[in-house]
Amino acid sequence: MSMLDVFRAPPTEIPDPLIPGEVAIVATGVSVELGGKRVLNSVDLSVMAGEVLALVGPNGAGKSTLLAALAGDLELESGQIELSGRPLHQWRAQELALRRAVLLQQIQLSFPFNVLEVVQMGRAPWSNTAASLHDDELITAAMAATDISDFAQRRFSHLSGGEKARVALSRILAQDTAVLMLDEPTAALDLRHQELVLQVARARAAAGRAVVVVLHDLNLAAGYADKVAVLEKGQLAALGTPEEVLTEEILSRVYQHGIDVMAHPVTGRTIIFPRR
Amino acid sequence: MSTKTSTNTTESAAAQLEISKPPKPRKAPKKSRGRAKDRLILGVLSAALAITAIIAAGTGQLHIAPVEVIGSILHGINNWLQGWLDYFGTGLSAPFGGAPLPEHPRGYETLWSVRFPRVALAMIVGAALACSGTVMQGVFGNPLAEPAVVGVSSGAAVGASTAIVTGLATHGNWVVAIFAFMGGLITTLLVYSLSRSKGRTEVVTLVLTGIAVNAFTFAMIAFYTYVADPNARDQLIFWQLGSLNGTSWISVLSVLPLLVAGLVMAFSAAGKLDLLALGERSARHLGVNVERLRMRMIITVALLVGAGVAFTGIVSFVGLVVPHLIRIIAGPGHKLLLPASALGGALLVLLADLGARTLVTYSDLPLGMLTALIGGPFFFWLLRRTRNEQGGWA
């Protein structure tokens, strides 16, 4: 297809990596309305490189909406979101794709691509840059990290829900961006793979990436997040380290259910358990 | 299968990702092998198309041997070259003067004025329809989208009939082609905006939209048939049947630009169509400007359907059958699927037209009728399979 190169966009500039502690995304006073209903109400939040930020809260609290807003998918009613100091809507789709990757809750695929082809799609934004030289390495590493190397040639549509979720995550990892946004990446997974996914998220943060992850399991948030944002009815109810935020008082109020927070008898780690 | 590994390997796998140079891949993605397979598929299809074209050109009431067909092509090129050589007064003679000519005295004439334009238009129509089906399926995210099923073909036919009935067609055949393109464009936009909700098109919505659009466009054609003078009426009836009978070089040259423009636009978007399979949001997250891609692909579909319908009428199901079969052998990646579908479509329509004019002696069956006879049951089978896979009419 080399004769079609004329129609391609000029080479894209590769973004500089973030320095750990650098602010990747800042949201100020973000409000979002969906179908006439206010689902996010003046939320202030910043996402920092080298950190895993967990978004938790009951159903309908606005976790996924906040993630979609941070990804640049939604029109804001008011407020502003900046990525690397520039408002989200001023970035082109192509420029955003080099800077943040998004794992959606619902995974779809219209045609019978195999697993390897799906993961390769994660490299598409880089196809015009020098970074495409590392495509194969990054794809192999992303597949190993999500434990899917064994079924690279299998059809995506023939996989189980949990396997599909890992392939989708693998594609997001192959995209190799400074910011990762994961909407409930553990929902369909067994225990071992839930731990695996959050270990991957941790490893990415340790390497200086910024990770935002929507989680339902508060124990996973307590175990893996550097910071936790608790959402309640579209508002930020609490923001801080897991120790500061995941307390009996805050959680019992937000979830409207008695919740015990205690230390594990052997490891001393935080355990969160609903009262029965 | 995955629980057999211990937690330790899990952790090391997670850590592996951040090592600057990952260990040698166990299963490296083999691109070179993929490319060779691509070339093989395209090569086989091209060869099959060339051979079929030569045989098709030689078949009919006047039989001409393949060697003589090739010889006639060379002679045609030779005469054209000679014309230019003489025009510039070079005094040279063109190289293919010695090629064998048909034994029959009218053989050469028959080939160049009747058979070759018909074979050429069959290939153009097939390539255009198959490619438009592929693009449409990619944009709708639905393997059942097809120009005739969703009514875009009949929309283009309404455009072409408008040109005929209003007498605008007397300005030249290209007017028909442009009107076919416009009709296709309006219908594609209409179907697209009517059949989508929340970024995807469900099978039921798509098929029902097609029924509604087809009902309306066929009523338009029926109205035109009613008001038209007898001469135009004959032409209109032929739209509804679909036929390559009486193809001229002017028709071929009128639709060729539409085909070329449509193919170039489709091929240049191949990678983005792949990403669209992940859904519009995920495609956007991977850097695709979805709104712009959508508009470009709607224009592409209209160009291709315009080329496929303008002088042939409605030839249905080519855009459904061909991409589906090609996906089975070539996989769903559009970089190979689009060119392979173009070749496969050209081959299919060429064969169908060969059947249309040879199955019953001394008669020229409507091409659209033949493709629908095969395509209708195929569509039904595909519908049932889709329903079984999705567990309902989703």
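Definitions and limits used
- Residues numbered from 1 in each chain as written.
- Chains lettered and ligands numbered in written order.
- Predicted model: local features only at pLDDT ≥ 70, side-chain atom pairs only at ≥ 80, totals over all residues.
- Heavy atoms only, no water.
- Helix = DSSP H or I, 4+ residues; strand = E, 2+ residues; numbered from the N terminus.
- Contact = heavy atoms within 4.5 Å.
- Salt bridge = Lys/Arg side-chain N within 4 Å of Asp/Glu carboxyl O.
- Buried < 20%, exposed > 50% of the residue type's maximum accessible area, 1.4 Å probe, protein only.
- Patch = residues over 30% accessible without salt bridge, like charges linked within 9 Å, V, L, I, M, F, W, Y side chains within 5 Å.
- Areas by Shrake-Rupley, 256 points an atom, 1.4 Å probe, with all protein chains shown as cover.
- Pairing = 2+ DSSP bridges.
- Expected span 1.5 Å × (residues − 1).
- Bend = angle between axes of the 7 residues up to and from the residue.
- UniProt positions renumbered as here; feature names shortened; annotations may be inferred.
- Domains from an automatic or database assignment.
- Axes fitted to C-alpha atoms, helices over the stretch in contact; angles between N-to-C directions.
- Parallel < 35°, antiparallel > 145°, perpendicular 65-115°, else oblique.
- Left-handed = near helix turned anticlockwise from the far one by under 90°.
- Nonpolar A, V, L, I, M, F, W, Y, C, P; charged D, E, K, R; others polar.
- 1 Å grid on protein atoms, 1.4 Å probe; cavity = no way out; pocket = protein on both sides within 12 Å on 5 of 7 lines; lining within 4 Å.
- Points joined across faces, edges and corners; volume = space filled by probe spheres on them.
- Phe/Tyr/Trp six-rings, centres within 6.5 Å; stacked < 30°, edge-to-face > 60°.
- Lys NZ or Arg CZ within 6 Å of the ring centre and 35° of its normal.
- Lys, Arg positive; Asp, Glu negative; His and termini not counted.
- Polar contact = N/O pair within 3.5 Å; in protein donor to acceptor, adjacent residues only side chain to side chain.

All names here are of chain A. Counting through the fold element by element, V119 comes out in helix α3 (residues 115-121). When the C-alpha atoms of V119 and D176 are compared, they prove to be 12 Å apart, with 57 residues separating the residues in sequence. The contact partners of V119, leaving out residues within four places of it in the chain, are I139, M143, I148, V167, S170, R171 and A174.

It is worth spelling out the pattern of salt bridges at this point. Note on pairing: side chains with opposite charge can pair once their charged atoms come close. Residues and elements named next belong to chain A. Taken as a whole and judged by the stated rule, the model has 18 salt bridges over all chains. One salt bridge connects R275 with E248, and the closest N-O pair in it is separated by 3.7 Å. One end of the pair, R275, is in the segment after β12 (270-274); the other, E248, is in helix α9 (residues 248-255), with 27 residues separating them in the sequence. What makes R275 partly exposed here is its relative accessible area of 42%. Overall, the relative accessible area of 33% leaves E248 in the partly exposed class.

So, on to a nonpolar patch on the surface. Nonpolar side chains collect at one region of the surface, where I73, I77, W80, W84, Y87, F88 and F96 of chain B lie side by side and expose about 800 Å² of accessible area between them. With respect to the helices and strands, the residue I77 of chain B is situated in helix α3 (residues 66-87).

It is worth spelling out the pairing of strand β10 (residues 235-240) of chain A at this point. Across 5 bridges, the pairing between strand β9 (residues 227-232) of chain A and β10 of chain A is antiparallel. Bridging from a neighbouring strand, E232 of chain A pairs with Q235 of chain A of β10 of chain A.

Quick look at helix α4 (residues 107-140) of chain B now. Residue and element names in this part refer to chain B. For α4, built from 34 residues, the straight-helix expectation of 50 Å at 1.5 Å per residue is met to within 8% by its first-to-last C-alpha distance of 47 Å. At R115, α4 shows its strongest bend, of approximately 40°, with the proline P117 following within four residues. Where α4 ends, the next residue or the one after it, G141, has phi of about 65°, a positive value.

What follows covers the UniProt feature "domain: ABC transporter" (unreviewed entry) in chain A. Per the UniProt annotation, the sites labelled "domain: ABC transporter" (unreviewed entry) are residues 25-258 of chain A. Helix makes up 35% of residues 25-258 of chain A and strand 26%. Its end C-alpha atoms lie 34 Å apart.

So, about the domain arrangement of chain B. As far as domains go, chain B holds domain 1 (62-105) and domain 2 (120-390). Placing a centre on the C-alpha atoms of domain 1 of chain B and another on those of domain 2 of chain B gives a separation of 36 Å.

Summarising burial for helix α1 (residues 63-71) of chain A: 8 of the 9 residues are buried, a large majority. K63, T65, L66, L67, A68, A69, L70 and A71 of chain A are the residues of α1 of chain A that are buried.

When two helices pack together, their arrangement is given by the angle between the helix axes and by the axis-to-axis distance. Residues and elements named next belong to chain B. Helix α12 (residues 290-309) packs onto α4 with a crossing angle of 155° between their chain directions and a minimal axis gap of 8 Å. One finds that α4 runs roughly antiparallel with respect to α12. By crossing handedness, the relation of α4 to α12 is classed as left-handed. Across the interface between the two elements, V125, A128, L129, C131, S132, V135, M136 and V139 from α4 touch R294, M297, V301, L304, V305, A307 and G308 from α12. Its residues placed into classes, the contact of α4 with α12 shows 12 nonpolar, 2 polar and 1 charged.

Below, the discussion takes up empty space enclosed by the protein. If you walk through the whole model with that rule in mind, you get 5 cavities of 30 Å³ or more. Taken as a whole, the largest cavity encloses approximately 50 Å³ of empty space. Taken together, L103, L104, Q106, I107, Q108, A168 and R171 of chain A together with L278 and S282 of chain B make up the lining of the largest cavity. Per-class residue counts for the lining of the largest cavity are 5 nonpolar, 3 polar and 1 charged.

With that settled, the discussion passes to the sheet that holds strand β1 (residues 23-34) of chain A. The strands making up a sheet are joined through hydrogen bonds of the backbone, oriented either antiparallel or parallel. Residues and elements named next belong to chain A. Strands sit in the order β2-β1-β4-β5 across an open sheet of 4 strands; the sheet is antiparallel. Only two strands of the sheet have a single partner each, and these edge strands are β2 (37-48) and β5 (86-87). Both strand β4 (residues 78-83) and β5 contribute to a ladder of 2 bridges, which runs antiparallel. If you follow L83 over to β5, its bridge partner there is R86. Where α1 meets the sheet, it contacts β1, β2 and β4, and its direction lies at approximately 60° from that of β2.

What follows deals with the sheet that holds strand β7 (residues 179-183) of chain A. All names here are of chain A. Ordered in space as β6-β7-β8-β3-β9-β10, the 6 strands form an open sheet in which the pairing is mixed. At either end of the open sheet lies a strand with only one pairing partner, and these are β6 (100-103) and β10. On average, adjacent strands in this sheet sit at an angle of 15° to one another, irrespective of strand direction. When β7 meets strand β8 (residues 210-214), the two strands line up parallel, connected through 5 bridges. Bridge assignment links L182 to a residue of β8, and that residue is V213.

Scanning the model with the defined rule gives 9 aromatic pairs over all chains in all. For the ring pair Y87 of chain B and F88 of chain B, a centre distance of 5.2 Å and an interplane angle of 80° mean the geometry is edge-to-face. We classify Y87 of chain B as exposed; its relative accessible area is 64%. In textbook terms, an aromatic cluster arises when at least three aromatic residues are bridged by ring pairs, as seen for W84, Y87 and F88 of chain B. Directly above the aromatic system of W91 of chain A lies the positively charged group of R86 of chain A, at a separation of 4.0 Å from the ring centroid. Above the face of the F151 of chain A ring, R154 of chain A is positioned so that its terminal group lies 5.5 Å from the ring centre.

A word on the side chain of E184 of chain A. Residues and elements named next belong to chain A. Relative to the elements of secondary structure, E184 occurs in the loop between β7 and α6 (191-206). There is no salt bridge for the buried E184, and the closest opposite charge comes from K63, which lies 5.1 Å off by N-O distance. Here the side chain of E184 touches H216 through a polar contact of 3.3 Å, side chain to side chain. The residues touching E184, leaving out its near neighbours within four places in the chain, are Q105, V214 and H216.

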